[in-house]
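Read off the chains here:
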Amino acid sequence: MNKEERVIKLIEELESVFTIRVFHDHDPYKVLIRTILSQRTRDENTDQAANNLFDKYPDIYAVAEAPIDDVKELIRPAGFYNVKAARIQEVSQILIDEYGGEVPDSVDEMIKLPGVGRKTANCVMVFAFELPAIPVDTHVHRISNRLGLVDTKNPDDTEVELCKIAPRELWIKLNDLMVQFGQNICKPLSPQCEICPCTDVCDYFRENI
């Protein structure tokens, strides 16, 4: 199989095991804030922090005007809450002042926001706007290299290479399926190859098992 065929096979196998998740009803602002909260923490902590915040302050204007100490306390489960609270309010105010309270549906525009990199912007493109993009986090970067789909040193290069080999119609699915795969089976230190559904497209399995 060539690399494109391997990506197609990979997605088919992962779809048989995992279900695509929906984050905050595709609301671009809430997806953006959730992704900021998700940095350096676990999904369950992110979910708790985001739910706490949006239950009390349900929209961008409420978040921007909320007392900073209250925001810090609400998002505490996500960790680094002092930095994240300041960043969330800063981003919210910029979106209000410069974008009419709306998140732009452009990666180039989103990465102008403080603390918003390509992965975060691509997450909003996929999970909010449902537009083709490939968010590359540590799971996607690690797994893509472990499988032998790419040979890259950083997530930005991985994104470029995956965009070359993955059919565009699969881009939206790729991140969420690979993240769940990385969390549950293809783990960083101890990949569970004995239960992996993707060994037929994996260089690591072929070379080490």
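Shown above is the structure to which this text applies.
Since the structure is predicted, the reported quantities are computational estimates derived from the model, not experimental observations.

Asker: Can you tell me about the nonpolar core, naming the residues and giving the values?
Answerer: Y29, L32 and L53 are the most contacted members of the largest nonpolar core, which totals 39 residues. Going through the elements one at a time, α2 (28-37), α3 (43-56), α4 (60-65), α5 (68-74), α6 (81-99), α7 (107-110) and α8 (118-127) are the ones with two or more residues in this core. Contact partners of L53, with chain neighbours within four places excluded, come to I33, V63, V71, L74 and I75. The next biggest cluster of nonpolar side chains, apart from the first, holds 28 residues, and it includes V7, I143, L147 and A166.

Asker: If you had to explain the packing of α2 against α8 to someone new, which residues and values would you point to?
Answerer: Packing of α2 against α8 brings their axes to within 9 Å, and their N-to-C directions diverge by 145°. Between α2 and α8 lies a crossing of right-handed hand. Contact residues: α2 offers P28, V31, L32 and T35, while α8 offers K119, T120, C123, V124 and F127. Looking at the contact of α2 with α8 residue by residue, the classes come out as six nonpolar, two polar and one charged.

Asker: Explain the packing of helix α9 (residues 138-147) against helix α11 (residues 171-184) residue by residue, including any values.
Answerer: Relative to each other, α9 and α11 sit at 80°, their axes nearing to 8 Å. By the angle class used here, α9 and α11 are roughly perpendicular. Facing α9, whose interface residues are H139, V140, R142, I143 and S144, α11 presents L174, N175, M178, V179, F181, G182 and Q183.

Asker: Account for the packing of aromatic side chains, naming residues and giving values.
Answerer: With the rule as written, the count across this model stands at one aromatic pair. A ring pair is formed by Y29 and F54, whose centres lie 6.2 Å apart and whose planes are at 70°; its orientation type is edge-to-face. Here Y29, found in helix α2, pairs with F54, found in helix α3; they are 25 residues apart in sequence, far enough to count as distant. The same class applies to Y29 as to F54, namely buried. Positioned over the ring face of F54 is K30, at 5.4 Å from the centre of the ring.

Asker: Could you give me a rundown of unusual backbone geometry, with the residues and numbers involved?
Answerer: The phi dihedral of R40 falls on the positive side, at around 60°, and the residue is not glycine. For F80, which is not glycine, the phi dihedral falls at a positive 50°. Among the secondary structure elements, F80 is positioned in the loop between α5 and α6. Under the relative-accessibility criterion, F80 is labelled partly exposed at 43%.

Asker: Kindly report on the side chain of R34, identifying the contributing residues and their values.
Answerer: Summarising the element assignment, R34 is placed in helix α2. Here the side chain of R34 touches D47 through a polar contact of 2.6 Å, side chain to side chain.

Asker: Account for the pattern of salt bridges, naming residues and giving values.
Answerer: Scanning the entire structure with this criterion turns up 16 salt bridges. Note that R21 and D176 form a salt bridge whose closest N and O atoms lie 2.6 Å from each other. Highlighted residues: R21 in the loop between α1 (3-15) and α2 and D176 in helix α11, separated in sequence by 155 residues. E159 serves as the salt-bridge partner of R118, at 2.8 Å between the closest nitrogen and oxygen. In this pair, R118 is assigned in helix α8 and E159 in helix α10 (residues 155-165), connecting sequence segments 41 residues apart. Beyond isolated ion pairs, a larger network of salt bridges with shared partners links R6, D203 and R206.

Asker: Got a sec to walk through the environment of C186? Specific residues and values, please.
Answerer: Looking at where C186 falls in the secondary structure, it is placed in the loop between α11 and α12 (203-208). The class of C186 is buried, set by a relative accessible area of 6%. Excluding residues within four positions of it along the chain, C186 makes contact with R142, I143, R146, F181 and P191.

The rules behind the values
Residues numbered from 1 in each chain as written. Predicted model: local features only at pLDDT ≥ 70, side-chain atom pairs only at ≥ 80, totals over all residues. Heavy atoms only, no water. Core = buried A, V, L, I, M, F, W, Y, C linked by side-chain atoms within 4.5 Å. Buried < 20%, exposed > 50% of the residue type's maximum accessible area, 1.4 Å probe, protein only. Helix = DSSP H or I, 4+ residues; strand = E, 2+ residues; numbered from the N terminus. Contact = heavy atoms within 4.5 Å. Axes fitted to C-alpha atoms, helices over the stretch in contact; angles between N-to-C directions. Left-handed = near helix turned anticlockwise from the far one by under 90°. Nonpolar A, V, L, I, M, F, W, Y, C, P; charged D, E, K, R; others polar. Parallel < 35°, antiparallel > 145°, perpendicular 65-115°, else oblique. Phe/Tyr/Trp six-rings, centres within 6.5 Å; stacked < 30°, edge-to-face > 60°. Lys NZ or Arg CZ within 6 Å of the ring centre and 35° of its normal. Polar contact = N/O pair within 3.5 Å; in protein donor to acceptor, adjacent residues only side chain to side chain. Salt bridge = Lys/Arg side-chain N within 4 Å of Asp/Glu carboxyl O.

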